[in-house]
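These are the residues of each chain, in order.
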Amino acid sequence: MSSQPPQLFSIVPESTAPIYRQLVDQVRRLVTGGQLAPGDALPSVREVALQLAVNPMTVSKAYGLLELEGLLERRRGVGMLVADRPRKIDDAGARLALLR
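Residues numbered from 1 in each chain as written. Predicted model: local features only at pLDDT ≥ 70, side-chain atom pairs only at ≥ 80, totals over all residues. Heavy atoms only, no water.

**Thoughts on the nonpolar core**
1) Next: Counting 21 residues, the largest nonpolar core has Phe-9, Val-27, Leu-42, Tyr-63 and Leu-72 as its most contacted members.
2) Next: Counting residues per element, the ones that place at least two in this core are helix 1 (19-32), helix 2 (45-52), helix 3 (56-69) and strand 2 (79-82).
3) Next: Considering every element that reaches this core, the biggest residue donor is helix 1, with 5 residues.
4) Next: Sequence-distant contacts of Tyr-63, that is, excluding residues within four places in its chain, are made with Phe-9, Leu-42, Pro-43, Ser-44, Val-45, Val-48, Leu-72 and Met-80. (Core = buried A, V, L, I, M, F, W, Y, C linked by side-chain atoms within 4.5 Å. Buried < 20%, exposed > 50% of the residue type's maximum accessible area, 1.4 Å probe, protein only. Helix = DSSP H or I, 4+ residues; strand = E, 2+ residues; numbered from the N terminus. Contact = heavy atoms within 4.5 Å.)

**Things to note about helix 3**
Along an α-helix, a turn takes 3.6 residues, which lines up residues three or four apart on a common side.
1) Next: Relative to the 20 Å expected for 14 residues at 1.5 Å per residue, helix 3 spans 20 Å between its end C-alpha atoms, a close match to the ideal helical length.
2) Next: For helix 3, the side-chain oxygen to backbone nitrogen distance between the N-cap and Met-57 is 2.8 Å, and the N-cap itself is Asn-55.
3) Next: Where helix 3 ends, the next residue or the one after it, Gly-70, has phi of about 90 degrees, a positive value. (Expected span 1.5 Å × (residues − 1). Polar contact = N/O pair within 3.5 Å; in protein donor to acceptor, adjacent residues only side chain to side chain.)

**Here's the deal with the pattern of salt bridges**
For side chains bearing opposite charge, pairing can occur when the charged atoms are close.
1) Next: Counted under the stated rule, the structure contains 5 salt bridges.
2) Next: A salt bridge links Arg-28 to Asp-25, with the shortest nitrogen-to-oxygen separation between them at 3.4 Å. In this pair, Arg-28 and Asp-25 are both assigned in helix 1, 3 residues apart and thus about one turn of the helix distant.
3) Next: Here Arg-28 falls in the partly exposed class, since its relative accessible area comes to 21%.
4) Next: Residue classification places Asp-25 among the partly exposed residues on the basis of a relative accessible area of 23%.
5) Next: The shortest N-O distance in the salt bridge between Glu-67 and Arg-74 comes to 2.8 Å.
6) Next: Taking relative accessible area as the criterion, Arg-74 reaches 53% and is therefore assigned exposed.
7) Next: Taken together, the salt bridges that share partners define one network made up of Asp-25, Arg-28 and Glu-69. (Salt bridge = Lys/Arg side-chain N within 4 Å of Asp/Glu carboxyl O.)

**Let's talk about the environment of Gly-79**
1) Next: Among the secondary structure elements, Gly-79 is positioned in strand 2.
2) Next: A relative accessible area of 28% places Gly-79 in the partly exposed class.
3) Next: Between the C-alpha atom of Gly-79 and that of Ser-44, which follows or precedes it by 35 residues, the distance is 6.8 Å.
4) Next: Here Gly-79 is in contact with Glu-73 and Arg-74, once residues within four sequence places are set aside.

**Concerning the confidence of the model for the protein chain**
1) Next: The predicted model of the protein chain averages 87 in pLDDT, with 79% of residues at 70 or higher.
2) Next: For the protein chain, helix 4 (residues 92-99) is the element with the lowest average pLDDT, namely 60, and helix 3 is the one with the highest, namely 97. (pLDDT = per-residue confidence, 0-100.)

**Some details on unusual backbone geometry**
1) Next: The backbone phi angle of Ala-53 is positive, close to 55 degrees, even though this residue is not glycine.
2) Next: For Ala-53, the position within the fold is in the loop between helix 2 and helix 3.
3) Next: On the basis of relative accessible area, Ala-53 is assigned to the exposed category, the value being 70%.

As structure tokens, then:
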């Protein structure tokens, strides 16, 4: 009997926000709120796609955007990790808005 790790992400199909944007926003909140720390590994694209029943390209797009932002980094043989030095959100108001 295999136990599945807890789901890190969730989507709201009725939302007007595209699924990739929902994933991007969730990762940002998890990093900003401290639930994901530098060096933490994210689940693979395939794992997230299977858990959420979405197209793997959707998850890949979200991860790619976060990598371009400098929030995530791709490591060969390991996968996607929270960057050691994610860009800081300088404006306190923007940080609060992101956490909400």
